[in-house]
Amino acid sequence: MKKDQAMVNSAAAPQVQGGKAGGKKNTNGRAASNAAAQASELSELRPGQSVELLKELHILTREGRLNQDSRRKLKQVYHLFNFIEPLLGELSSSDQGPTLADHGAGKSYLGFILYDLYFKPLGRGHIYGVETRAELVEKSRVLAHKLDFERMSFLNLSVAESTDANELPPQIDVVTALHACDTATDDAIAFGLQKKARAMVLVPCCQAEMAACLRQGKALQLTRTPLAELWRHPLHTREVGSQVTNVLRCLYLEANGYQVTVTELVGWEHSMKNELIIARYIGQKKRSAAERLRALLGEFGLQSLEDLRYPGLPAA
């Protein structure tokens, strides 16, 4: 019996050793695979991008990895950066550098990445983040202090309130509003006009006001024009309201001296709120844009919105 038991133990020993060796090999393989995956993910970052910042923003995990959701967010912000960087470059020759106001800043992904990639190496200029949620404003202030981002300010204000706020300078070079909901985009445009912004970069979101106006006058419009069929059904009312809102915004910007470009922010697979409006001030106020804006308001029965959303148009 003892001899048989010894033979079992003797036969089992090499198998255990082989298991340990195989386990170690598998562990090393996984580690190498993880390291390769991490290196591949980090290669998606722009040159000079602070890994510490992205970890603080929870875009990167503590291990320096990107998940699907954070990759989507980073792609949106980087794509937007590609549009904003040339605008800032045109304004960077002054001693004080460019000023930028980011409305509806949220967690300030855009503001922090703009500062890290552009304002920090430039050594001048200032970013103002405007946000209504006090807890997000405080977190952004703490993070800016921690990272020594001295030329960033965060204001607990609505977009409309910020227009006359003493904490902001009388002139702002670039205005951004990424997914500013409903009329917050209109407020951002009004802010930009008052602050004589050289450029505005807008990604509108959730345009409910126009849909409500179309819904209110739907019965009358159906008796007046066959165009009202475009918004007879509730789903179409929302979609047409969104489209009309952005068209009117573009005309309003053109009527105030801006050259307007409309494009996609990212692919539709990443976000349905995807329309990007870029406006550069050229000083040529288009009277035809004001005339067409008024004509569209009349066609859709929205004349009551002119004084509220599109003030200062030249007399008809």
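Computed from a predicted model, the values in this text were never measured in an experiment.

So, how was this worked out
Residues numbered from 1 in each chain as written. Predicted model: local features only at pLDDT ≥ 70, side-chain atom pairs only at ≥ 80, totals over all residues. Heavy atoms only, no water. Helix = DSSP H or I, 4+ residues; strand = E, 2+ residues; numbered from the N terminus. Buried < 20%, exposed > 50% of the residue type's maximum accessible area, 1.4 Å probe, protein only. Contact = heavy atoms within 4.5 Å. 1 Å grid on protein atoms, 1.4 Å probe; cavity = no way out; pocket = protein on both sides within 12 Å on 5 of 7 lines; lining within 4 Å. Points joined across faces, edges and corners; volume = space filled by probe spheres on them. Nonpolar A, V, L, I, M, F, W, Y, C, P; charged D, E, K, R; others polar. Salt bridge = Lys/Arg side-chain N within 4 Å of Asp/Glu carboxyl O. Pairing = 2+ DSSP bridges. Axes fitted to C-alpha atoms, helices over the stretch in contact; angles between N-to-C directions. pLDDT = per-residue confidence, 0-100.

1. Side note on the environment of Lys286
Right, so step 1: Relative to the assigned elements, Lys286 resides in the loop between strand S7 (275-281) and helix H11 (287-299).
Right, so step 2: A residue is classified by how much of its surface remains accessible, and Lys286, at 36% relative accessible area, is partly exposed.
Right, so step 3: Along the sequence, Lys286 and Asn256 sit 30 residues apart, while their C-alpha atoms lie 7.2 Å from each other.
Right, so step 4: Not counting residues up to four positions away in its chain, the partners in contact with Lys286 are Glu254 and Ala255.

2. What to know about empty space enclosed by the protein
If a probe as big as a water molecule is rolled over the atoms, it shows which places are left empty.
Right, so step 1: Under the criterion given, the structure shown has two cavities of 30 Å³ or more.
Right, so step 2: Each pocket or cavity is described by its volume, and for the largest cavity that value is around 60 Å³.
Right, so step 3: If you trace the largest cavity, you find it lined by Asp182, Thr183, Asp186, Gln207, Glu209, Met210, Thr245, Arg249, Leu305, Arg309 and Tyr310.
Right, so step 4: Within this model, the second largest cavity holds a volume of roughly 30 Å³.
Right, so step 5: Every residue along the wall of the second largest cavity is listed here: Ala105, Gly106, Ser108, Gly129, Glu131, Leu136, Val137, Ser140 and Phe154.
Right, so step 6: Among the elements of the structure, strand S2 (126-131) and helix H5 (134-146) are those that each provide at least two residues to the lining of the second largest cavity.
Right, so step 7: In terms of residue count, H5 provides more of the lining of the second largest cavity than any other element does, three residues in total.
Right, so step 8: Class assignment of the residues belonging to the lining of the second largest cavity gives a composition of four nonpolar, four polar and one charged.

3. A few points about the pattern of salt bridges
For side chains bearing opposite charge, pairing can occur when the charged atoms are close.
Right, so step 1: Applying the stated rule across the entire model yields 14 salt bridges.
Right, so step 2: Residue Arg309 is joined to Asp187 by a salt bridge in which the shortest nitrogen-to-oxygen separation is 3.7 Å. Of this pair, Arg309 sits in helix H12 (residues 306-309) while Asp187 sits in helix H7 (residues 184-194), and the two are 122 residues apart along the sequence.
Right, so step 3: A salt bridge links Arg309 to Glu209, with the shortest nitrogen-to-oxygen separation between them at 3.1 Å. Taken together, the residues span a long stretch of sequence, with Arg309 in helix H12 and Glu209 in helix H8 (residues 208-216) at a distance of 100 residues.

4. What about the sheet that holds S2?
Right, so step 1: With mixed pairing, seven strands are arranged side by side in an open sheet as S3-S2-S1-S4-S5-S7-S6. The two strands at the open ends of the sheet, each matched to only one other strand, are strand S3 (152-156) and strand S6 (258-264). Each adjacent strand pair in this sheet contributes to an overall mean axis angle of 15°, direction not counted.
Right, so step 2: Pairing geometry for strand S1 (residues 99-103) and strand S4 (residues 174-181), over four bridges, is parallel.

5. Remarks on unusual backbone geometry
Right, so step 1: A positive phi angle, close to 65°, is found at Ser108, a residue other than glycine.
Right, so step 2: Position of Ser108 relative to the elements: it lies in the loop between S1 and helix H4 (109-122).
Right, so step 3: We classify Ser108 as buried; its relative accessible area is 2%.
Right, so step 4: Positive phi is not limited to glycine here, since Asp148 has a value of about 60°.
Right, so step 5: Assignment of secondary structure puts Asp148 in the loop between H5 and S3.

6. Observations concerning the confidence of the model for the protein
Right, so step 1: Of all residues in the protein, 85% attain a pLDDT of 70 or more, and the chain-wide mean is 87.
Right, so step 2: Predicted confidence for residues 1-16 stays below pLDDT 50, and this span has zero contacts to residues more than four positions away or in other chains.

7. With respect to the layout of surface pockets
Right, so step 1: The volume enclosed by the largest pocket comes to roughly 460 Å³.
Right, so step 2: Looking at the largest pocket, it is lined by 23 residues, and the ones nearest its centre are Gly104, Ala105, Gly106, Leu178 and His179.
Right, so step 3: If you list the elements that add at least two residues to the lining of the largest pocket, you get helix H3 (68-90), S1, H4, S2 and S4.
Right, so step 4: Among the elements that make up the lining of the largest pocket, the one with the highest residue count is H3 (four residues).
Right, so step 5: Of the residues belonging to the lining of the largest pocket, the class tally is nine nonpolar, eight polar and six charged.

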